Amino acid sequence: MDSLWISDYHDNKQLKPISFQNLHTEKDLLETDVAIVGGGIFGTTCAYYLTNLGYKVTILEKDKIGTKATGHTTAKITSAHGLFYDYLTNSYNKKFARDYLEANEEAIKNIKEIIDVEKIKCDFTYQNSYVYTTKKDDLKAIKKEIKAVENLGYNCEFVTKTGLPFEIEGAICFKNQAQFHPLKYINGLANCILSKNGQIFTDTTVTDVEKIEDFYLTSTENFKVKSKYVIIASHYPFINFPGFYFAKMYQSTSYLIAIDPKKTLFNGMYISASDPVFSFRTAKYHGKDLLLIGGGEHKTGQPTSYQDSYGLLEAEAKKYYPNCEVLFRWNTRDCISLDKIPYIGHYSSIMPHMFVGTGFKKWGMTLSNVAANIITDMICGKSNKFSYLFDSSRLKPVKNIDEMKNILVQSTNSLLLNKLRPANMSFDEIANNSGSIIEVNNTKVGVYKDPNGKIFAVKPTCTHLGCLLSWNDVDKTWDCPCHGSRFNFDGKNLYDPAFKDLEVFHLEN
Ligand SMILES: Cc1cc2nc3c(=O)[nH]c(=O)nc-3n(C[C@H](O)[C@H](O)[C@H](O)COP(=O)(O)OP(=O)(O)OC[C@H]3O[C@@H](n4cnc5c(N)ncnc54)[C@H](O)[C@@H]3O)c2cc1C
């Protein structure tokens, strides 16, 4: 199901639908200053700043502008990234933690400035942002976080009363944070980019980027783009060598529902401090106040059930709003680096003038703005006081050893061991509206039977790096447990880093 943001956008006839236009070129070769791969919030923010500075910019977007992670986000604009500043102070140092906080606070101001200067109507409202707990055991962590934040010279507050419809033990409150409608914002940016002679090509998949002498040649399925600079803004970097981002990050999925509570709602944006993580904010839809509830997090590609995803959120909603109506259900995923710090800067030390911004760990509204400012400064040859925080070529000790082990085990299983294990289901055992991997003449085949028994068969091997895919029965998709690529049941590629569809088989019933 589409997110609230995408559905609202389709419904709203007054919005100029830049995001959903198909834009193509008849030429074989385009020349530009900066080629940007990906038109999510990061790519479009880079394009916005660079076109303002007079650069000729070309965005190449596989789908439509803003319809992937950005069109499925919760869209809280905040520097309260869960309980994070105590971790930063202890894992790095006070200056590092303060600069991280300042970078995100500046991003909130930058976003507001863009909205004001460009007069973008995107339902921006200031809100307090709370990280709360309902468990006595978590209070110590909340208080430590408050101390860490205060130690950085920033005002935050400990509160025990919030607008939430349930009692809490305590919360840390950041004031003057914000929320908006991400697609209205990104559409505003797209309009500005086009008005300054920037180019946006949608339904345009980038298949390769090559360095040739002192320029780059970016290949799409239909044409090539020659440029001095390239920005990889594809969410998960899809060029594997050099860069090796596939060994440094994983993807994590979360679910969202939007409910009509049939009751008056509260102010503020909320996220719980520990598992199970729930996230809350309000949003306007057709003049009504809806409540968004997020949660059900798991590593992308790992099996889940309706009960553990949307079911969990619906049960939470019904606890406080028994008469509520669930209007939207959606999910998306984001990249998380092994030290929880995004990668922003040079793609690799051997690819000068090629840049990346990724690993926004579900806080990409502010972090994409931080990233766009850093990359813009790098292209202009200016120093940026926050760039050292996110150095994309860092080789520091991995902070999350457990996840590092997980990545290695998962990759070994999916690339090798699971491929050798016999499938544990036969064709006849697959129920309608369900899927599984079966063996046909010693070959693994991914089979989905639709509600009427129609069969869709694919080669269940990821087109990114060849991992064995797993069946996702909630969304009816084939998902990669290694790097988080996703494919529809009929094999169509949905999510990066893969960009090619799966091979399709024709099975006799
Ligand atoms: C459930 C959930 C809730 C979240 N809530 C919040 C929140 O409240 N606040 C917050 O700050 N952050 C939040 N985030 C994080 C935020 O949504 C992301 O960090 C952000 O949207 C990422 O933006 P992006 O531009 O990097 O990626 P995307 O929006 O995914 O854009 C990347 C684009 O690149 C395109 N692309 C990929 N491969 C290619 C290719 N080969 N050729 C051409 N184009 C390509 C894709 O089609 C896509 O449009 C949330 C994340 C999740 C998962």
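Residues numbered from 1 in each chain as written. Predicted model: local features only at pLDDT ≥ 70, side-chain atom pairs only at ≥ 80, totals over all residues. Heavy atoms only, no water.

Read across the open sheet, the 4 strands follow the order β18-β19-β20-β25; overall the sheet is antiparallel. Pairing within the sheet leaves two strands with one partner each, and these edge strands are β18 (434–440) and β25 (504–505). For strand β19 (residues 443–449) and strand β20 (residues 455–458), the ladder comprises 4 bridges, and the chain directions are antiparallel. Counterpart to Lys449 in the pairing with β20 is Ile455. (Pairing = 2+ DSSP bridges. Helix = DSSP H or I, 4+ residues; strand = E, 2+ residues; numbered from the N terminus.)

Let us now look at the packing of aromatic side chains. Counting across every chain of the model gives 34 aromatic pairs. With a centroid separation of 4.9 Å and an interplanar angle of 40 degrees, the aromatic rings of Phe180 and Tyr185 are classed as tilted. In this structure, Phe180 and Tyr185 share a single accessibility class: buried. Taken together through their ring pairs, the aromatic side chains of Phe84, Tyr85, Tyr87, Tyr100, Tyr154, Phe174 and Phe390 make up a single cluster. The residue whose ring lies beneath Lys68 is Tyr495, and the NZ or CZ to ring-centre distance is 5.1 Å. Lying across the ring of Phe158, Lys143 places its NZ or CZ 4.9 Å from the centre. (Phe/Tyr/Trp six-rings, centres within 6.5 Å; stacked < 30°, edge-to-face > 60°. Buried < 20%, exposed > 50% of the residue type's maximum accessible area, 1.4 Å probe, protein only. Lys NZ or Arg CZ within 6 Å of the ring centre and 35° of its normal.)

Attention now goes to the nonpolar core. The biggest cluster of nonpolar side chains holds 84 residues, and the ones touching the most others in it are Leu88, Phe180, Tyr185, Ile231 and Phe390. For this core, the element with the most residues is helix α4 (residues 94–118), which contributes 10 residues. In contact with Phe390, not counting residues within four places along its chain, are Tyr100, Ile341, Pro342, Tyr343, Ile344, Leu367, Val370 and Ile374. Core analysis: the second largest hydrophobic core is formed by 25 residues, Ile259, Leu265, Cys324 and Val474 among them. (Core = buried A, V, L, I, M, F, W, Y, C linked by side-chain atoms within 4.5 Å. Contact = heavy atoms within 4.5 Å.)

The domains assigned to the protein chain are domain 1 (31–72 + 183–248 + 340–395) and domain 2 (403–505). Relative placement of domain 1 and domain 2: their C-alpha centres are 30 Å apart. Every contact between the two is made by 14 residues of domain 1 and, on the other side, 11 residues of domain 2. Between domain 1 and domain 2, a total of about 1100 Å² is buried, with carbon and sulfur atoms accounting for 56% of that surface. Where domain 1 packs against domain 2, one counts 0 salt bridges. Summed over the shared surface of domain 1 and domain 2, the number is 5 residue pairs in polar contact (both at pLDDT 80 or more). Taken together, the residues of the side of domain 1 that touches domain 2 sort by class into 6 nonpolar, 6 polar and 2 charged. (Domains from an automatic or database assignment. Buried area = accessible area lost by both parts, 1.4 Å probe. Salt bridge = Lys/Arg side-chain N within 4 Å of Asp/Glu carboxyl O. Polar contact = N/O pair within 3.5 Å; in protein donor to acceptor, adjacent residues only side chain to side chain. Nonpolar A, V, L, I, M, F, W, Y, C, P; charged D, E, K, R; others polar.)

Glancing now at the side chain of Asp8. Relative to the assigned elements, Asp8 resides in helix α1 (residues 4–11). If sequence neighbours within four positions are ignored, Asp8 has contacts with His181, Lys184, Tyr285 and His286.

Let us now look at the pattern of salt bridges. Counted according to the given criterion, the structure contains 25 salt bridges. One salt bridge connects Asp123 with Lys184, and the closest N-O pair in it is separated by 3.1 Å. Of this pair, Asp123 sits in the loop between α4 and β4 (125–133) while Lys184 sits in helix α6 (residues 182–195), and the two are 61 residues apart along the sequence. Classification of Lys184 as buried rests on a relative accessible area of 13%.

Further remarks concern the sheet that holds strand β22 (residues 477–479). In spatial order, the strands read β21-β22-β23-β24; together these 4 strands make up an open sheet with antiparallel pairing. Every other strand in the sheet has two partners, leaving β21 (470–472) and β24 (493–495) as the edge strands with one partner each. Averaged over all pairs of adjacent strands, the angle between strand axes in this sheet comes to 35 degrees, irrespective of strand direction. Across 3 bridges, β21 lies against β22 in antiparallel orientation. Across the sheet, residue Asn472 finds its bridge partner in β22, namely Thr477. (Axes fitted to C-alpha atoms, helices over the stretch in contact; angles between N-to-C directions.)

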